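Analysis of the macromolecular model
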Amino acid sequence: MGFRRKQIAGLTLVAAAVALATSLVNLTALVRFSVAETESRARFLAETLRHQASRVIRQTEPAELRSALTWDAALINYAEGIVGYSATTMYVAVTDRDGFALVHSNPLELGDKLTPAPSLESFVAKNPLAQLWELRQGHNVLEVAMPFDDGDGEPFGAVHVAISTLFLKEEIWNVVTQNVLLATSAVVAAFFASLFFANWLWAPIELLRRELGRFQPVDGEPPLDFQSESDVSRIAEFFASMSQRLDDQRSARENDASWLSTMLGGLSDAVLVFSNEGRVLSLNERAAELLGLGRDEIQGKLFADFFPEEHPVAEIVKTALEGDEPVGPVDKTIANGQRPVVYALSAQVLRDESGVSGVMVSARDMEKLSRLGSQLSYAQKLAALGKLTSGVAHEIKNPLNAMVIHVALLRERLKRASPETQASLDTLEKEIRRLDQVIQGFLRFTRPEDLQLTSVPLRELFDEVERLVSAEAKASGIEIETKVAEELPPVHGDRELLQQVFLNLVQNAEEAMPHGGRLHVEASRTEDGVEIVVADSGVGIEPEMLEKIFDLYVTTKKKGSGIGLSMVYRIVQLHGGEITVESEKGNGTRFTIHLPEMRA
Ligand SMILES: Nc1ncnc2c1ncn2[C@@H]1O[C@H](COP(=O)(O)OP(=O)(O)OP(=O)(O)O)[C@@H](O)[C@H]1O
Ligand SMILES: [Mg+2]
């Protein structure tokens, strides 16, 4: 049965039950009242009749009592009068102990044995429903009988008053009909009222049905249709499946979001995704660094709550949204409370089916880029040079070897030559050897190295370097301070080459502090590897020199070859690392090496 029908049937039933109950209550009250009234009337008549009979008894001798009663005119008149004036009294009689009528309202019955009608008293004692039932069955006459004695206490007879129940029946039946009519109309009215209310109640559900119908069913799910009205529980099912779907969509979106943030996290550019109203929907760690905020601090918030309108990022978002087209890249300086950095900013307008949905801004650190670019070109140059020089060096080495041999031959032949000639020969030999050394260094530098990777404990390496240079350091009055972070993982690299790196750096530092100073060597752990700092309090480097110290053959020292730092650079590079230098003339120099974590 449909929801609506259930509702109508329920309401109608309730109305019917109420009508039936009130009718029954009414009816039983009426029956009780009418029956009680009838009884009291009958009792009253019986009492007065007995009174009349008592009067006769008092005036008469017991032996003549029968005839006295039979012939008492007042009593007879009274009995006939009762029946004559009352519509409901059928007969009244006075009987002797055996039930023979001494007085009777109907003279024809006199002297006959009275057939008593059913007792009104026992009828009264029954419950109203049983009374109703009996009335319907047609006990039309009920009587009240009251015994009396002969004046000496001996039972003599009884007075009888018989009442017709027809009137009672009629009266009650009228009310029953009325009640049935009333109840029926109440039920009909309830039916129509509930019909109206059902429609009224159903209207919002109908609206709901229509609205829900607009949702496309998922594959395998039957289309939503409440036409049958047969089951409102379908709505509940529908809601359950819809909320499940929403849940799925939400977790899919969350997956998307985490996927997006992982993807953005891997980019070297700072990336921010804005909604239409300028809310930061997503940003990567680099973007948070650029803004000088924590990622969680700004994610999901309005950009304008944190930064002024003139902030380069706010400006480019505005321009992109207004122009509805990509902007940039434009160079903008952004200072996040630290050193201002030049970024190339670009903005891309994001769209979905409903139009422009937001803006994606990316910022590229131009300084880092140019630094990387120069490192890259340097590496490329080195590689090209490596190939070239191994060929050229070979060409030079052969004649050099020949020259060494011929100088030795000349020396043999000019054994007795003048000291000047000997001195020229010495110079020739020395220069040839120097040339040979230069070529050796050059070859060593450019030769593509094969790394002998092992696990290198930095502490041991530092100790060894310190041991090698300590004598000289002591002589110049240099204080060496080595600090290796606890639990520093061993570096994966070529032990010999790494030792060469630190030896070169430490030697340079010592050479920069001829009159003593402090040398600080420190290794610490970073997010993705190890950072090593070699800092001295020496003479420092001029700015124009700083740019080229890693170049080959650049030196300011009389006996320097200018190969040391080039080697350092190359070795760090071979380990996939990075080296930077900071220095100020007269204020010391600080080299920072970053070695990425290398797996064996
Ligand atoms: N710690 C330092 N303090 C000041 N200047 C330095 C320092 N380290 C290097 N330099 C400068 O950089 C130049 C290049 O250094 P590099 O080690 O490449 O060559 P070098 O020390 O001159 O010669 P060598 O090949 O013998 O090492 C040095 O000549 C010096 O001017
Ligand atoms: Mg050096």
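As a reminder, the structure under discussion sits directly above these lines.
Residues numbered from 1 in each chain as written. Chains lettered and ligands numbered in written order. Predicted model: local features only at pLDDT ≥ 70, side-chain atom pairs only at ≥ 80, totals over all residues. Heavy atoms only, no water.

**Let's talk about the overall build of the protein chain**
- Secondary structure assignment for the protein chain yields 16 helices and 16 strands.
- Partitioning the contacts of the protein chain with sequence separation of at least 6, the portion at a separation of at least 24 is 59%.
- Summed over its atoms, the accessible surface of the protein chain is roughly 35700 Å², and 56% of this surface lies on carbon and sulfur atoms. (Helix = DSSP H or I, 4+ residues; strand = E, 2+ residues; numbered from the N terminus. Contact = heavy atoms within 4.5 Å. Areas by Shrake-Rupley, 256 points an atom, 1.4 Å probe, with all protein chains shown as cover.)

**A closer look at the sheet that holds strand β15 (residues 578–583)**
- One open sheet holds the 5 strands; their spatial order is β11-β13-β14-β16-β15, and the pairing between them is mixed. A single partner strand is all that each edge strand has here, and the edge strands are β11 (478–484) and β15. When the angles between neighbouring strand axes are averaged without regard to direction, this sheet yields 10 degrees.
- Across the sheet, helix α16 (residues 564–574) is in contact with β15 and β16 (589–596); its angle to β15 comes to roughly 140 degrees. (Pairing = 2+ DSSP bridges. Axes fitted to C-alpha atoms, helices over the stretch in contact; angles between N-to-C directions.)

**Regarding the packing of aromatic side chains**
- Tallied over the full model, the rule gives 9 aromatic pairs.
- On the numbers, 5.9 Å between centres and 35 degrees between planes, the contact of Phe148 with Phe156 is tilted. As far as the burial class goes, Phe148 and Phe156 line up, both buried.
- Both rings, one in Phe196 and one in Phe197, keep their centres 5.4 Å apart while their planes meet at 65 degrees; by these two values the pair is edge-to-face.
- Phe196 gets classed as exposed once you look at its relative accessible area, which sits at 52%.
- Judged by relative accessible area, Phe197 falls into the partly exposed class, the value being 38%.
- By way of ring pairs, the aromatic residues Phe196, Phe197 and Trp200 are connected into one cluster.
- When the ring centre of Phe100 is taken as reference, the NZ or CZ atom of Lys113 above it lies at 5.5 Å. (Phe/Tyr/Trp six-rings, centres within 6.5 Å; stacked < 30°, edge-to-face > 60°. Buried < 20%, exposed > 50% of the residue type's maximum accessible area, 1.4 Å probe, protein only. Lys NZ or Arg CZ within 6 Å of the ring centre and 35° of its normal.)

**Quick look at a nonpolar patch on the surface**
- On the surface, Leu11, Phe196, Phe197, Trp200 and Leu201 cluster together into a nonpolar patch covering about 540 Å² of accessible area.
- With 4 residues, the single largest contributor to the nonpolar patch is helix α6 (residues 166–212).
- Summarising the element assignment, Phe197 is placed in helix α6. (Patch = residues over 30% accessible without salt bridge, like charges linked within 9 Å, V, L, I, M, F, W, Y side chains within 5 Å. Salt bridge = Lys/Arg side-chain N within 4 Å of Asp/Glu carboxyl O.)

**Thoughts on the nonpolar core**
- Core analysis: the biggest nonpolar cluster contains 43 residues, and Leu458, Phe502, Ile532 and Ile593 have the highest contact counts within it.
- Examining the composition of this core, we find that 7 residues originate from one element, helix α14 (residues 495–512), more than from any other.
- If sequence neighbours within four positions are ignored, Phe502 has contacts with Leu458, Leu461, Phe462, Val465, Ile532 and Ile593.
- Core analysis: the next-biggest nonpolar cluster, separate from the first, contains 36 residues, Val31, Leu102, Leu132 and Val176 among them. (Core = buried A, V, L, I, M, F, W, Y, C linked by side-chain atoms within 4.5 Å.)

**Things to note about the site of ligand 1**
- Around ligand 1, a shell composed of 19 residues is seen, among which Asn508, Thr555, Thr556, Lys557 and Ser561 lie nearest.
- At a separation of 2.9 Å, a nitrogen atom of ligand 1 approaches a polar side-chain atom of Asp536.
- A distance of 2.4 Å separates an oxygen atom of ligand 1 from a polar side-chain atom of Thr556.
- Here ligand 1 loses 90% of its free accessible area of 590 Å² to cover by the protein chains. (Near = heavy atom within 4 Å. Polar contact = N/O pair within 3.5 Å; in protein donor to acceptor, adjacent residues only side chain to side chain.)

**Focus on the packing of helix α13 (residues 458–476) against α14**
- Packing of α13 against α14 brings their axes to within 10 Å, and their N-to-C directions diverge by 35 degrees. For the pair α13 and α14, the sense of crossing is right-handed. Between α13 and α14, the residues in contact are Leu458, Glu460, Leu461, Phe462, Glu464, Val465, Leu468, Val469, Glu472 and Ala473 and Arg495, Leu498, Gln499, Phe502, Leu503, Val506 and Glu510, respectively.
- Residues of the contact of α13 with α14, tallied by class, amount to 11 nonpolar, 1 polar and 5 charged. (Left-handed = near helix turned anticlockwise from the far one by under 90°. Nonpolar A, V, L, I, M, F, W, Y, C, P; charged D, E, K, R; others polar.)

**A closer look at the pairing of β15**
- Of the two faces of β15, only one is covered, namely that formed by Ile579, Val581 and Ser583; the face formed by Glu578, Thr580 and Glu582 stays uncovered.
- Inspection of the sheet shows β15 paired to β16 by 6 bridges, in the antiparallel sense. Bridge pairing in β16 places Glu578 opposite His594.
- Hairpin geometry of β15 and β16 is characterised by an intervening segment of 5 residues between the two adjacent antiparallel strands and by a positive phi of about 80 degrees at Gly586.

**What about the sheet that holds strand β4 (residues 155–164)?**
- Read from one edge of the open sheet, 4 strands run β2-β1-β4-β3, paired in antiparallel fashion. Looking along the sheet, the strands with just one partner apiece sit at the ends: β2 (101–104) and β3 (141–149). For this sheet, the mean inter-axis angle between neighbouring strands, taken without regard to orientation, is 20 degrees.
- Strand direction decides the pairing type here: strand β1 (residues 89–96) and β4, joined by 7 bridges, are antiparallel.

**Thoughts on the side chain of Gln131**
- Along the chain, Gln131 falls in helix α5 (residues 128–137).
- A relative accessible area of 3% means that Gln131 is categorised as buried.
- A distance of 3.0 Å separates a polar side-chain atom of Gln131 from the backbone oxygen of Lys126.
- Once you skip the residues sitting within four places of it in the chain, Gln131 turns out to touch Val31, Val35, Phe123, Val124 and Lys126.

**Observations concerning α14**
- Along its 18 residues, α14 runs 26 Å from first to last C-alpha, staying within 8% of the 26 Å computed at 1.5 Å per residue.
- Inspection of α14 places Leu497, Leu498, Gln499, Val501, Phe502, Asn504, Leu505, Val506, Ala509, Glu510 and Ala512 among the buried residues, and these make up the whole buried set. (Expected span 1.5 Å × (residues − 1).)

**Focus on unusual backbone geometry**
- One non-glycine residue, Asp324, lies in positive phi territory at about 55 degrees.
- Considering the arrangement of structural elements, one finds Asp324 in the loop between α10 (312–323) and β7 (327–334).
- What makes Asp324 partly exposed here is its relative accessible area of 35%.
- The backbone of Tyr553 sits at a positive phi, close to 65 degrees, despite the residue not being glycine.

**Comments concerning α16**
- Counting buried positions along α16 yields 8 of 11 residues, so the element is predominantly enclosed.
- Within α16, burial applies to Leu565, Ser566, Met567, Val568, Tyr569, Arg570, Ile571 and Val572.
- Gly576 sits one or two positions beyond α16 and adopts a positive phi of about 75 degrees.

In short, shape yes, function no, at least from these values alone.
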